[in-house]
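# Observations on the model geometry
Listed here are the chains, written in short residue letters.
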Amino acid sequence: MNVLELRGVRAAHDGITVLHGVDLTAAAGRVTALLGPNGAGKTTTLRVAAGVHPASGGRVLLGGRDATGADPRALARAGVRLIPEGRGVFPNLTVRDNLLMMTRTGRTREEIEEAAFARFPVLARCAARHAGTLSGGEQQMLALARGLATDPAVLLLDELSMGLAPLVVARLYEQVAEIARQGVAVLVVEQFAAAVLGVADRAAVLVRGRVAWRGRPDDGLRAELSALYLGSP
Ligand code: ATP
């Protein structure tokens, strides 16, 4: 089932159109990768999907219902969770307090901690540390754990791999694949494809605000990406 659908989405920054009619779907139980070079509009696409940036045209559908223009809090309540580039954790709060801020989602602190620590045991070991002292990979785990505390139907991940070593990224993507297997529609933005393609079920490539390629990730996609990024015909 397509949980999230963007149909002909347009968006602008300061009056300049950066998305020129983007069609994209994220299905339950799948990892969908949105790839593309710097400045292609990937982050803007995620922000429109989460309702934090307005669409200037097109539609955003959630579970088949029109959610275009919905307030970000309404979309969050409907199960859309954006984990922004830079992870969005609070560096001066402990790991535990970062997690417990999510109790307003209706879960108890015990439930939230138990779920987070079961998925990411390393977080249990540094529960009392300030999030800012964690490694980048641990911070990303914390960001994922916080996101999952809201029981999202749609998880939007922006540049999960940013600044992390390939092995750390590979482990994080194993978790992302597991999250999708549990029924979440995961939409991942990455500039560099290698990290996500091992787990992506579908991929789309955005170039200058338009989907230039879509399909199942395979060797054809890799060739396409290098051609697109290098500007070959
Ligand atoms: P990156 O990997 O650099 O984040 P991206 O594919 O995510 O790239 P976006 O961040 O969505 O691309 O940016 C798309 C276009 O919109 C770019 O030309 C960018 O310069 C412009 N843009 C993004 N954010 C803003 C902003 N806050 N104000 C003005 N222009 C912006």
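To be clear, the structure that these remarks concern was listed above.
Note on numbering: residues in each chain are counted from 1, in written sequence order. pLDDT decides what is reported in this predicted model: residues at 70 or higher carry local features, side-chain atom pairs at 80 or more are listed and counted, and totals for whole chains, interfaces and linings draw on all residues regardless. Neither water nor hydrogens contribute to the side-chain values; these are computed over all heavy atoms in the structure.

Taken together, His-13, Asp-14, Val-18, Pro-37, Asn-38, Gly-39, Ala-40, Gly-41, Lys-42, Thr-43, Thr-44 and Glu-159 form the complete shell of residues around the ligand. Between an oxygen atom of the ligand and a main-chain N or O atom of Gly-41, the distance comes to 2.9 Å. In protein, a polar contact requires one atom able to donate a hydrogen and another able to accept it; more generally it is a pair of N or O atoms within 3.5 Å, and residues adjacent in sequence count only if both atoms are side-chain atoms. Between the ligand and Thr-43, the relevant distance is 2.7 Å, taken from an oxygen atom to a main-chain nitrogen or oxygen of the residue. Here, Shrake-Rupley sampling with a 1.4 Å probe gives the accessible areas, and only protein chains in the shown set may cover a residue. Burial of the ligand by the protein chains amounts to 59% of its free accessible area of 620 Å². Helix and strand definitions here come from DSSP, where helices need a minimum of 4 consecutive H or I residues and strands a minimum of 2 consecutive E residues; each element is numbered from the N-terminal end. When residues in the shell around the ligand are grouped by element, the largest group, three residues, is from helix H1 (residues 42-49). All residues other than Ala, Val, Leu, Ile, Met, Phe, Trp, Tyr, Cys, Pro, Asp, Glu, Lys and Arg, Gly among them, are scored as polar; the first ten of these are nonpolar and the last four charged. Across the shell around the ligand, the residue classes tally to three nonpolar, six polar and three charged. When we say a residue is near a molecule or strand, we mean one of its heavy atoms is within 4 Å of it.

We now examine the sheet that holds strand E8 (residues 185-190). Pairing within the open sheet is mixed, and its six strands lie in the order E6-E7-E8-E3-E9-E10. This sheet does not close on itself; its edge strands, each paired only once, are strand E6 (80-83) and strand E10 (210-215). Sheet twist, expressed as the mean angle between neighbouring strand axes with direction ignored, is 20°. Looking at chain direction, strand E3 (residues 31-35) and E8 are connected through five bridges and run parallel. If you follow Val-31 over to E8, its bridge partner there is Val-186. Here a residue-residue contact requires only that any non-hydrogen atoms of the pair lie within 4.5 Å. A fitted line through C-alpha atoms represents every axis, and for helices the fit uses only the stretch in contact; the resulting angles, taken between N-to-C directions, go from 0 to 180 degrees. Contacting E6 and strand E7 (154-158), helix H6 (residues 136-148) crosses the sheet at an angle of about 165° to E6. Where helix H9 (residues 219-230) meets the sheet, it contacts E3, strand E9 (202-207) and E10, and its direction lies at approximately 10° from that of E9. Note on pairing: two strands pair once DSSP finds at least 2 bridges between them.

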